[in-house]
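# What the coordinates show
Spelled out, the chains give:
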Amino acid sequence: MRLTVLGKSPSWEDAGGACSGYLLESDGRAVVIDCGNGAFSKLRRFRDYTRVDAVLVSHLHADHFLDLIPWAYALTYAPRQQPVPVDRWGGTARPARPRLIAPSGATEAFRRITGAWGPEDLIERAFALEEYEESSTPEVGSLRFRFRSVPHFARTFACRVTSGEDGATLVFGADSGPNEHLVEIAEGADLLIAEATLPRPEREGPRGHLTASEAGEHAARAKARRLVLTHISDELDALSAHKAAAASFDGPVAVAREGATFHV
Ligand SMILES: [Zn+2]
Ligand SMILES: [Zn+2]
């Protein structure tokens, strides 16, 4: 499996950056995990958006799904998706319609959002939308996915991807406060991508995010092999985050950067 970081910003983009988005490629297949604001533009640098098999959304926060909207417009209106020749594009009888694997309730949420100005069914017409539950186990080619709910400010799922080719495992922790579910789903993972949004824990209210040090602790408890810190603003010091995570986790640590590729 090869993972390319499309966007790693938290809920506002870094300068020139994008919010949550990761391109996972394996054996000719491609899955985009999360598609936050800015991620569609970054995807176009690395992969033809009509050659993506599935998009998987961890939770319905804007920074994790908002670019499904421009992607849906592209799938609907791009010249190459039309049945007749347009400009240099020859026309197609089989326009791309990637799978969209999103938490239950997503269909209704997407209808409310795009219905605010236009067609309610924009997203479900452009993508083959399937809702998942915690117990769902979707497959894309030889990639097998499973989910675990994690505590956040909306219903949120961490996901574990296992390659049917070589058994390599990658875990995406999504957004979460400290919790045991993340440790369970990340157990023995070859690569854990964990959020490190906070420079210090939230001062009040329920926990919904992790510090870099906490991300390292979760990776250590899960006995993950490698840790990538993400969902971290360019307004924080990446070196400090790296040091804090490395103090609690013995394995290799990296801070996600847009365009960075990890082989799992
Ligand atoms: Zn987020
Ligand atoms: Zn979130």
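Our subject in this report is the structure included herewith.

Approximately 170 Å³ is the volume found for the largest pocket. Of the residues contributing to the lining of the largest pocket, the split by class is 2 nonpolar, 3 polar and 3 charged.

Geometry reference: four tetrahedral donors at a metal, ideal angle 109.5 degrees. Six octahedral donors, ideal angles 90 or 180 degrees. Protein ligation of the zinc ion (ligand 2) involves His-59 (NE2), His-61 (ND1), His-152 (NE2) and Asp-175 (OD), the donor distances falling in the range 2.1 to 2.4 Å. Its 4 donor atoms give the zinc ion (ligand 2) angles of 93 to 167° at the centre, a pattern that matches the irregular case. Going along the chain, you hit the donors of the zinc ion (ligand 2) in the pattern H-x1-H-x90-H-x22-D.

For the rest of this paragraph, the subject is the packing of helix H7 (residues 212-222) against helix H8 (residues 238-248). Packing of H7 against H8 brings their axes to within 7 Å, and their N-to-C directions diverge by 30°. Relative to H8, the crossing made by H7 is right-handed. Judged by residue contacts, Ala-212, Ser-213, Gly-216, Glu-217 and Ala-220 of H7 engage Ala-241, Ala-244, Ala-245 and Ser-248 from H8. In the contact of H7 with H8, the residues fall into 5 nonpolar, 3 polar and 1 charged.

We now examine the coordination of the zinc ion (ligand 1). Donor atoms from the polypeptide that bind the zinc ion (ligand 1) are Asp-63 (OD), His-64 (NE2), Asp-175 (OD) and His-231 (NE2), placed at 2.1 to 2.2 Å. The site at the zinc ion (ligand 1) holds 4 donor atoms, and with the angles between them running 88 to 166°, its shape is irregular. The sequence motif formed by the donor residues of the zinc ion (ligand 1) is D-H-x110-D-x55-H. The metal-metal distance between the zinc ion (ligand 1) and the zinc ion (ligand 2) is 3.4 Å, with Asp-175 serving as a donor to both.

A few words now on the pattern of salt bridges. Applying the stated criterion across every chain yields a total of 16 salt bridges. A salt bridge links Arg-148 to Glu-184; the nearest nitrogen and oxygen atoms lie 2.9 Å apart. Taken as a pair, Arg-148 in strand S8 (residues 143-150) and Glu-184 in helix H6 (residues 180-185) lie far apart in primary sequence, 36 residues in all. A relative accessible area of 23% places Arg-148 in the partly exposed class. Taking relative accessible area as the criterion, Glu-184 reaches 40% and is therefore assigned partly exposed. Here Glu-214 makes a salt bridge to Arg-207, at a shortest N to O gap of 2.8 Å. On the basis of relative accessible area, Arg-207 is assigned to the partly exposed category, the value being 26%. Here the salt bridges do not stand alone but share partners, grouping Arg-2, Glu-25 and Arg-47 into one network.

Attention now goes to the environment of Cys-35. The topology assignment puts Cys-35 in strand S3 (residues 29-35). Residues Cys-35 and Ala-62 lie 27 residues apart in sequence; the distance between their C-alpha atoms is 9.0 Å. The contact partners of Cys-35, leaving out residues within four places of it in the chain, are Ser-20, Val-55, His-64, Phe-65, Leu-66, Asp-67, Leu-68 and Trp-71.

Moving on to the packing of aromatic side chains. On inspection of all chains with the given rule, the structure shows 9 aromatic pairs. Relative to Phe-147, the ring of Tyr-132 has its centre 3.9 Å away and its plane inclined at 5°; by these criteria the two rings are stacked. Within this pair, whereas Tyr-132 is found in strand S6 (residues 128-132), its partner Phe-147 is found in strand S8, the two being separated by 15 residues in sequence. The class of Tyr-132 is buried, set by a relative accessible area of 1%. For Phe-147, a relative accessible area of 4% puts it in the buried group. Of note, Arg-80 hangs over the ring of Tyr-49, and the distance from its end group to the ring centre comes to 5.1 Å.

Now for the sheet that holds strand S10 (residues 169-172). Across the sheet, 7 strands lie side by side as S7-S8-S9-S10-S11-S12-S13; this open sheet has mixed pairing. Every other strand in the sheet has two partners, leaving strand S7 (139-140) and strand S13 (253-255) as the edge strands with one partner each. Pairing geometry for strand S9 (residues 156-163) and S10, over 4 bridges, is antiparallel. Along S10, the bridge assignment pairs Thr-162 with Thr-169. Contacts between H7 and the sheet are confined to strand S11 (191-195) and strand S12 (227-230), with S12 contributing the most and set at about 150° to the helix. Where H8 meets the sheet, its contacts fall on S12 and S13, and the angle it forms with S13 comes to roughly 155°.

Conventions and cut-offs
Residues numbered from 1 in each chain as written. Chains lettered and ligands numbered in written order. Predicted model: local features only at pLDDT ≥ 70, side-chain atom pairs only at ≥ 80, totals over all residues. Heavy atoms only, no water. 1 Å grid on protein atoms, 1.4 Å probe; cavity = no way out; pocket = protein on both sides within 12 Å on 5 of 7 lines; lining within 4 Å. Points joined across faces, edges and corners; volume = space filled by probe spheres on them. Nonpolar A, V, L, I, M, F, W, Y, C, P; charged D, E, K, R; others polar. Donors = N, O, S within 2.8 Å, 3.2 Å for Na, K, Ca; no water. Tetrahedral: all angles 85-135°; square planar, octahedral: opposite > 155°, others 65-115°. Axes fitted to C-alpha atoms, helices over the stretch in contact; angles between N-to-C directions. Helix = DSSP H or I, 4+ residues; strand = E, 2+ residues; numbered from the N terminus. Left-handed = near helix turned anticlockwise from the far one by under 90°. Contact = heavy atoms within 4.5 Å. Salt bridge = Lys/Arg side-chain N within 4 Å of Asp/Glu carboxyl O. Buried < 20%, exposed > 50% of the residue type's maximum accessible area, 1.4 Å probe, protein only. Phe/Tyr/Trp six-rings, centres within 6.5 Å; stacked < 30°, edge-to-face > 60°. Lys NZ or Arg CZ within 6 Å of the ring centre and 35° of its normal. Pairing = 2+ DSSP bridges.

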